[in-house]
Amino acid sequence: MARILAKSELAPKIHEIVVEAPRIARKALPGHFVVVMPDEHGERIPLTIADFDRHQGTITLVMMVVGASTLKLSRLEVGQSFYALIGPLGKPSEVEAAGTVVMVAGGVGAAPVYPIARAFYELGDRVITIQGARSRELLFWTDRLAAVSHRHIITTDDGSFGRKGLVTDPLREVLEEDRDKAIGCVYAIGPAVMMKFCARTTEPFGVKTVVSLNSIMVDGTGMCGGCRVDVGGQTLFTCVDGPEFDGHRVDWDLLISRQNIYHEQEACSLEKYLQQFQGEHAT
Amino acid sequence: MKEADQPQGKKKKKVIKHRVAMPEQDPEVRIRNFDEVPLGYTPEQAQAEARRCLQCKKPKCIDGCPVAVDIPGFVDLVAEGKFVEAARRIKQTNCLPAICGRVCPQETQCEAQCILGKKHDPAAIGRLERFAADYEREQGLVELPPKAPPTGKKVAVVGSGPAGLTVAGDLILLGHDVTIFEAFHKPGGVLMYGIPEFRLPKRIVEEEVDYLRRLGVRIELNQVIGKSITLDELFDEEGFDAVFIGVGAGLPRFMNVPGENLGGVYSASEYLTRANLMKAFAFPDYDTPIVCGRHVCVIGGGNVAMDAARTARRLGAEEVTILYRRSRQEMPARAEEIHHAEEEGIVFRLLCSPIEYTGDERGMVRQVRCQQMELGPPDESGRRRPVPIPGATFTLDTDLVIVAIGSGANPLLTQQAPGIKLNRWGYIAADQRGRTSRRAVWAGGDIVTGSATVILAMGAGKTAARDIHHYLSNPDAPWVEEPSAQEVASSET
Ligand SMILES: Cc1cc2nc3c(=O)[nH]c(=O)nc-3n(C[C@H](O)[C@H](O)[C@H](O)COP(=O)(O)OP(=O)(O)OC[C@H]3O[C@@H](n4cnc5c(N)ncnc54)[C@H](O)[C@@H]3O)c2cc1C
Ligand code: FES
């Protein structure tokens, strides 16, 4: 179990991995996540389930290489297994008919957005997807998202593909155009800063905005409190109370500062790993 | 002299006042490593200590032991040099002696009852237990006991802490097919992720688990019951006939004071999990990082607080301060742990409690403001309640805070198991036999009692195992016991 069946590099440093995990696939719903350890020395990394196939008994994960553990994860080959794979964890997305939904996906956030968008699409809602990336080469799954969206807007920071600019620009326009208030809810998933500004953008319109928080975790089962966040003045645990929360009530500065607690150590462990890796491959 | 005080045998035994000292790592050395602090007795030391035992005719020590180990019996075997036999004698009632010998609070259990202890040092029962178990294991003389023929019944054990391990160990010998489901990637519960290496080497826990595996217990790691598999599915899809829940008290408590979410403020369970289970002390060889503070504050006065403080010391802290809101007498930590912490230079600030944390521009904790307390009248626990002294506060500089004020019941499993009644604190309600309100489901350990001890969790496991076996032999008997006439009478008055 937890054997890698397929993998591919979707964009520089962004990998898609299909894993054999029948028990998890059987229970997985949009919004759920798993905790993964590449090897015995690795960290416990939370990753949102980007897709699942109950018949094949597989789940799909999309991850971006940011540190030693994610780098190790990306280097596992087809046929190898994760050291540990735990899930499905967290509360699933509340997918209820909302009329029109706007799905905002920033960067690697395109992956967790996909199953949620698909669920709304299959429910018969009108789905408007806004997908953003820094540049063209970092865009992925545009076809998949297009297939579950009635309207699909792409932005890049540098204008190398789609509209030039940030996702918040089309988001504001879509909300302004929505005079008959058909938009029941907005989902924003991506880097914390992007989610923060999406929530700021939607707030004046009073549209419910759901975000999926990427806190640092250890167990993922509510046992350590490392993933705590402040939502509306209340301390909650991302892993069991979330990962989805009301974006208008999240204390973003706290989330961002807690994501950076180990900034220096992460750089150090990545460097050590790279040196070791190069050492091994130089010989 | 009462009869129980009378030593056995014809001639009166010469009383040796002081116990044989246990060799320990020097504090200056051990604060730089994670190796075990007490080094254990040599065979000669163990025999000398065992000979101090008065071999009372009516031994009180056994009453002090939650699982009623035959203490005089095994101590006598140690005195005679029959170390392996001694270990086997203990194992008749306690399947984890190497662990209990290290972490049980003997000073409030068996050793508190020891007659020698009235005037002198009580017999060092815990150290002898540890010695016997270590001897058997290190000499490679651990034998697999005979198993009853297969019964064809399947038992699921949820959680691999001491409660779950005990249930599994007892039921596998009775011929049942036992599978342990554990949420973490390593089995052992708090023994693995909570209690640090320098107090309980993980190798010992691993060997105990390995022993169960050799007996035929299956262990499925990375399975969160309630998430990966629900309780219903254990019965309906996985075909289990009985389920034991021993998931521990895995919900960290915080104080809800301002600034508690700053970086560098940990729950004890996160701090210890990072350090022990994820081996952050060996960072970057292991990938999991941990904040290594220079001025560390630990909030609380229990074993967990001592473990956190001593771990922080070993991770390079210059100064570690324990902030406890009551006085020394009320501190729940074991005397030995407090003593070891003091030897390692941990500072105790009693009668104070944090009221606010402040941080720097990066959101990392930098200071803690504390309220000074005094002791008021006793509270419901019988301990004198700490009350704030108006206007008396002080501030300490700190860059790492560990909140060790206890834990509660984690609702992850019970939320998915509506048939199981909880008490008003969210723990599972279980009867004397460990039965829950749901048929064929037992619970025991910290998830029933709240945070307690290894030996009590094991005791609960033993009781439940006996009843599970009984139930599996007569599955049609009523699940809930008829209240006895006596109980009915007393509830009427
Ligand atoms: C730091 C620390 C130091 C301590 N020191 C001492 C000491 O010196 N002496 C002493 O006697 N006691 C000590 N204790 C207390 C003692 O460890 C506990 O009382 C004992 O471990 C409780 O055992 P348990 O089997 O009930 O649960 P635990 O040991 O907590 O084990 C529960 C297991 O269940 C798993 N689990 C939880 N939820 C699920 C789920 N949904 N599905 C599957 N698995 C799940 C957990 O991951 C865990 O492995 C200490 C506790 C701590 C935290
Ligand atoms: S990750 Fe430990 S409580 Fe959420």
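Numbers given for residues are sequential positions, taken from 1 along each chain in its written order. Lettering of chains starts at A and numbering of ligands starts at 1, both following the order in which they are written. Residue-level local features of this predicted model are given only where pLDDT is at least 70; pairs of side-chain atoms are given and counted only at 80 or more, and the full residue set underlies all totals for whole chains, interfaces and linings. Values shown for side chains rest on all heavy atoms present in the structure; no hydrogens or waters enter the calculation.

A. The sheet that holds strand 9 (residues 151-156) of chain A, seen in detail. All names here are of chain A. Spatial strand order, 10-9-8-7-11-12-15: 7 strands in an open sheet with mixed pairing. Of all strands in the sheet, those with a lone pairing partner are strand 10 (163-164) and strand 15 (244-246), marking the two edges. Note: two strands are recorded as paired if DSSP finds a minimum of 2 bridges between them. Think of it this way: any DSSP run of H or I at least four residues long counts as a helix, any run of E at least two long counts as a strand, and we number them from the N terminus. Inspection of the sheet shows strand 7 (residues 100-106) paired to strand 8 (residues 126-133) by 7 bridges, in the parallel sense. Looking at the pairing, Gly106 lines up with Gly132 of strand 8. Whether two residues touch is decided by their heavy atoms; if any such pair falls within 4.5 Å, the residues are in contact. Here, axes are lines fitted to C-alpha atoms. For helices the fit covers the stretch in contact, and angles between N-to-C directions go from 0 to 180 degrees. Set on the sheet, helix 5 (residues 168-177) makes contact with strand 7, strand 8, strand 9, strand 10 and strand 11 (183-189); between it and strand 9 the angle comes to about 145°.

B. The interface of chain A and chain B, seen in detail. With 44 residues of chain A at the interface, the matching set in chain B holds 47 residues. Both faces considered, chain A and chain B share a buried interface measuring about 3800 Å² in area, 51% of it formed by carbon and sulfur atoms. Accessible-area loss on putting two parts together, using a 1.4 Å probe and summing over both, is the definition of buried area adopted here. If you sort the residues of chain A by the area they bury against chain B, A:Arg23, A:His41 and A:Met223 come out on top, with a joint share of 18%. When a carboxyl oxygen of Asp or Glu is within 4 Å of a side-chain nitrogen of Lys or Arg, the pair counts as a salt bridge. Seen at the junction of chain A and chain B, the total is 7 salt bridges.

C. Layout of the site of ligand 1. All names here are of chain B. Surveying the vicinity of ligand 1 reveals 32 residues, the closest of which are Val103, Glu182, Arg199, Ile225 and Asp446. We define a polar contact as two N or O atoms separated by no more than 3.5 Å, with the added condition that, inside protein, one atom must be a possible hydrogen donor and the other a possible acceptor, whereas residues neighbouring each other in sequence contribute only through side-chain atom pairs. At 3.0 Å from an oxygen atom of ligand 1 is found a main-chain nitrogen or oxygen belonging to Val190. In the model, an oxygen atom of ligand 1 is placed 2.9 Å from a nitrogen or oxygen of the Val454 main chain. Using the Shrake-Rupley algorithm and a 1.4 Å probe, accessible areas are obtained, with residue cover drawn only from the displayed protein chains. Coverage of ligand 1 by the protein amounts to 94% of the 1000 Å² it exposes when considered alone. If you list the elements that add at least two residues to the shell around ligand 1, you get helix 9 (162-173), helix 14 (303-314) and helix 17 (454-473). Of the residues forming the shell around ligand 1, the biggest block, 3 residues, is contributed by helix 14. Note on definitions. A residue lies near a molecule or strand when any single heavy atom of the residue is within 4 Å of it.

D. Focus on the packing of helix 9 of chain B against helix 11 (residues 202-215) of chain B. Residues and elements named next belong to chain B. One can describe the packing of helix 9 onto helix 11 by two numbers: an axis separation of 10 Å at closest approach and a directional angle of 25°. Overall, the two elements helix 9 and helix 11 adopt an arrangement that is roughly parallel. For helix 9 against helix 11, the interelement crossing comes out left-handed. Along its contact with helix 9, which presents Leu165, Ala168, Gly169, Ile172 and Leu173, the element helix 11 presents Val209, Leu212 and Leu215. Residues are grouped as follows: nonpolar covers Ala, Val, Leu, Ile, Met, Phe, Trp, Tyr, Cys and Pro; charged covers Asp, Glu, Lys and Arg; every other residue, Gly included, is treated as polar. Residues that form the contact of helix 9 with helix 11 fall into these classes: 7 nonpolar, 1 polar and no charged. Any angle that falls under 35 degrees is termed roughly parallel, while one over 145 is termed roughly antiparallel, one within 65 to 115 roughly perpendicular, and all others oblique. Should the near helix be turned anticlockwise from the far one by less than a right angle, the crossing is termed left-handed; should it be turned clockwise, right-handed.

E. Highlighting the environment of B:Ala312. Residue and element names in this part refer to chain B. Along the polypeptide, Ala312 turns up in helix 14. Exposure categories follow from relative accessible area, calculated using a 1.4 Å probe and restricted to protein chains: below 20% of the type maximum is buried, above 50% is exposed, and the middle band is partly exposed. The class of Ala312 is buried, set by a relative accessible area of 2%. The spacing of Ala312 and Cys297 is 15 residues in sequence and 9.4 Å in space, taken between C-alpha atoms.

F. Representation of the sheet that holds strand 6 (residues 84-89) of chain A in the model. All names here are of chain A. Read across the sheet, 6 strands follow the order 1-2-5-4-3-6 without closing on themselves; strand pairing throughout is antiparallel. With partners counted over all chains shown, the strands left at the sheet margins are strand 1 (4-11) and strand 6, one partner each. Strand-to-strand twist across the sheet, computed as the mean angle between neighbouring axes with direction ignored, equals 30°. In terms of strand pairing, strand 1 meets strand 2 (residues 14-20) through 6 bridges, oriented antiparallel. Bridge pairing in strand 2 links Ser8 to Glu16. Those strands touched by helix 3 (residues 110-123) are strand 4 (45-53) and strand 5 (58-64), and its axis lies near 40° from that of strand 4.

G. A look at the pattern of salt bridges. Residues and elements named next belong to chain B. Here the structure, examined in full by the defined rule, presents 52 salt bridges over all chains. Arg89 serves as the salt-bridge partner of Asp70, at 2.9 Å between the closest nitrogen and oxygen. Here the residue Asp70 occupies a position in the loop between helix 3 (61-64) and helix 4 (71-79), and Arg89 occupies one in helix 5 (residues 83-91), the gap between them amounting to 19 residues. Residue classification places Arg89 among the partly exposed residues on the basis of a relative accessible area of 28%. The residue Arg310 makes a salt bridge to Glu337 at a minimum N-O spacing of 3.1 Å. Linking Arg310 in helix 14 with Glu337 in helix 15 (residues 335-343), this pair joins segments that are 27 residues apart in sequence. What makes Arg310 buried here is its relative accessible area of 1%. One network of salt bridges, in which partners are shared, links Glu24, Arg30, Glu107, Arg199, Asp307, Arg310, Arg314, Arg334, Glu336, Glu337, Glu343 and Glu344.

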